[in-house]
Amino acid sequence: MNSTLSPKARLPVTLRQMTDSLHDLESALQLSRGAGWTYRLEDWRIALLLGEGVLAEESGQVIGSALCWPYGDALATCGSIIVAPAMQGRGLGRALLAQLLQLTGERAILLNSTAEGMRLYQAFGFKPVGTVHQHMGRGRVAAGQHETDHQVRRAGPEDLQVVTAMDQRAVGATRHRMIAALFKSGSLAVIERNGNVQGYAICRPFGSGQVIGPVVATGAEDAKTLITHFLTANEGQNLRIDIDGDSGLGSWLIAQDLPEVGQVTTMIRGERPPVSGPERIFALASQSFG
Ligand SMILES: CC(C)(COP(=O)(O)OP(=O)(O)OC[C@H]1O[C@@H](n2cnc3c(N)ncnc32)[C@H](O)[C@@H]1OP(=O)(O)O)[C@@H](O)C(=O)NCCC(=O)NCCS
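The name recorded for the chain in an unreviewed UniProt entry is N-acetyltransferase, from Pseudotabrizicola alkalilacus.

As structure tokens, this is what we get:
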């Protein structure tokens, strides 16, 4: 991929594939910092490991990024779409997104849009389908909320198969590579009844602290129990959780000292593959990964 772009841009801009070279990762880090995002170099490394990326370059300087994460043949997510502030409004966002759509092919695409991104995505046929609420703080388990220990346990590699199958029922596509990578960089807990796994959650370092997500369960009470497990394990640390707007967890998280600090709009282009359930996503792996 190597194209010259947009008559609107002042200088020739090229689009090329993002690599895992230190140069590309550090350039992407500068972009995300410029947008006020707290990604670490390691967050970019994992994002690229699990997906594919496009960078926009002008005179050897990276001025834009866009990534996508295919989950099988029917679904992908897109994110990390950033244009350096001085280059915005010149068609670069459009050019980056057009390249991503070539990479994702016929798949339905989900993304979580900031207020700034909405017009761009609408122009490419994305439709709003929900909201995601970002909660963040130094979580503290409210009185009476401590987990029922016998239900939740730390999980190991032997649990990955059942967890991946559960995730697939909630998402409608397989995210086995993502789950394996997040498990490697963090910790996995499952909720179990009568020897059957009913839900799972992963907690891992991300940005300026730890992120709890994905959280996948059959009901909100199980989701709370899983979250409480990680709140207890990480008490006093900077914690982030991005919940589905329909999860019903918002006021409960606020009561655990995790106030809502932001909101994005979930948008889709194409037909989302059906989910079989009974599990559903309560918290996202990240706004990028879904
Ligand atoms: C969103 C973003 C990538 C758009 O990049 P861009 O290069 O400025 O976009 P383009 O010039 O290709 O413009 C695309 C459309 O978005 C609109 N747009 C661009 N910046 C905008 C802004 N700040 N607010 C509202 N609309 C905006 C343009 O007017 C254009 O719409 P139009 O074709 O109807 O006129 C860029 O603003 C950005 O990096 N923002 C910060 C990071 C971010 O929020 N990314 C989105 C994550 S989901």
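Caption draft 1: Quick look at the nonpolar core. In this structure, W44, F126, Y200 and F289 are the most contacted members of the largest nonpolar core, which totals 73 residues. Top element by residues in this core is strand β4 (residues 61-71). It accounts for seven residues. When residues of this core are assigned to domains, at least three fall in each of domain 1 (2-106) and domain 2 (134-261 + 270-283). Not counting residues up to four positions away in its chain, the partners in contact with Y200 are V163, M166, D167, R175, I179, L188, A189, V190, P214, V215, V216 and L226.

Caption draft 2: Structural view of the site of the ligand. As a matter of local geometry, the ligand sits amid 19 residues, with I81, G89, G91, R94 and T114 nearest to it. Between an oxygen atom of the ligand and a main-chain N or O atom of G91, the distance comes to 2.7 Å. Between the ligand and the protein, one listed contact pairs an oxygen atom with a side-chain N or O atom of R94 at 2.7 Å. Mapped onto the shell around the ligand, the elements with two or more residues apiece are β5 (75-83), α3 (92-104), β6 (108-113) and α4 (118-123). Class assignment of the residues belonging to the shell around the ligand gives a composition of seven nonpolar, eight polar and four charged.

Caption draft 3: Structural context of the packing of aromatic side chains. On inspection of all chains with the given rule, the structure shows five aromatic pairs. Geometrically, the ring pair formed by Y39 and W44 is edge-to-face, given 5.5 Å between the ring centres and 65° between the ring planes. Looking at Y39, the relative accessible area reads 16%, which means it is buried. Clustering of aromatic rings is evident, with ring pairs tying together W37, Y39, W44 and F206. Here the guanidinium or amino end of R175 rests over the ring plane of Y71, the centre of that ring lying 6.0 Å away.

Caption draft 4: Summary view of the pattern of salt bridges. Taken as a whole, this structure holds 13 salt bridges when the rule is applied. With a closest N to O distance of 2.9 Å, D159 and R153 form a salt bridge. Under the relative-accessibility criterion, R153 is labelled partly exposed at 28%. We note a salt bridge from E192 to R153, for which the minimum N-O separation is 3.1 Å. Residue E192 is located in strand β9 (residues 187-193), and its partner R153 is located in strand β8 (residues 152-154); the two are separated by 39 residues in the primary sequence. Within the structure, one salt-bridge network assembled from shared partners comprises R16, D24 and E57.

Caption draft 5: Expanded view of the environment of T19. With respect to the secondary-structure elements, T19 resides in the loop between β2 (14-17) and α1 (22-34). Taking the C-alpha atoms as reference, T19 lies 9.6 Å from R45; in sequence the two are 26 residues apart. A polar side-chain atom of T19 sits 3.0 Å from a polar atom in the side chain of S21.

Caption draft 6: Inspection of the pairing of β5 at higher detail. Across the nine residues that make up β5, a large majority, nine, are buried. Relative to β5, β4 runs antiparallel, the two being bridged by seven bridges. Opposite S65, over in β5, you have I82 as the bridge partner. Hairpin connection, β4 to β5: the antiparallel pair is bridged by three residues, and G72 has positive phi, about 70°. In this fold, β5 hands off to α3, which returns the chain to β6; that crossover is right-handed.

Caption draft 7: Layout of helix α2 (residues 41-50). Those residues of α2 not exposed but buried are D43, W44, I46, A47, L48 and L50. Residues of α2 that are buried sit in contact with α1, β3 (52-58), β4, β5, α6 (176-185) and β10 (196-206).

Caption draft 8: Quick peek at the environment of L75. Mapping L75 onto the fold places it in strand β5. In this structure the C-alpha to C-alpha distance between L75 and G89, which are 14 residues apart in sequence, comes to 29 Å. Here L75 is in contact with W69, P70, R107, A108, L110, V171, A173 and P273, once residues within four sequence places are set aside.

The rules behind the values
Residues numbered from 1 in each chain as written. Predicted model: local features only at pLDDT ≥ 70, side-chain atom pairs only at ≥ 80, totals over all residues. Heavy atoms only, no water. Core = buried A, V, L, I, M, F, W, Y, C linked by side-chain atoms within 4.5 Å. Buried < 20%, exposed > 50% of the residue type's maximum accessible area, 1.4 Å probe, protein only. Helix = DSSP H or I, 4+ residues; strand = E, 2+ residues; numbered from the N terminus. Domains from an automatic or database assignment. Contact = heavy atoms within 4.5 Å. Near = heavy atom within 4 Å. Polar contact = N/O pair within 3.5 Å; in protein donor to acceptor, adjacent residues only side chain to side chain. Nonpolar A, V, L, I, M, F, W, Y, C, P; charged D, E, K, R; others polar. Phe/Tyr/Trp six-rings, centres within 6.5 Å; stacked < 30°, edge-to-face > 60°. Lys NZ or Arg CZ within 6 Å of the ring centre and 35° of its normal. Salt bridge = Lys/Arg side-chain N within 4 Å of Asp/Glu carboxyl O. Pairing = 2+ DSSP bridges. Right-handed = clockwise from strand over helix to strand, strands pointing away.

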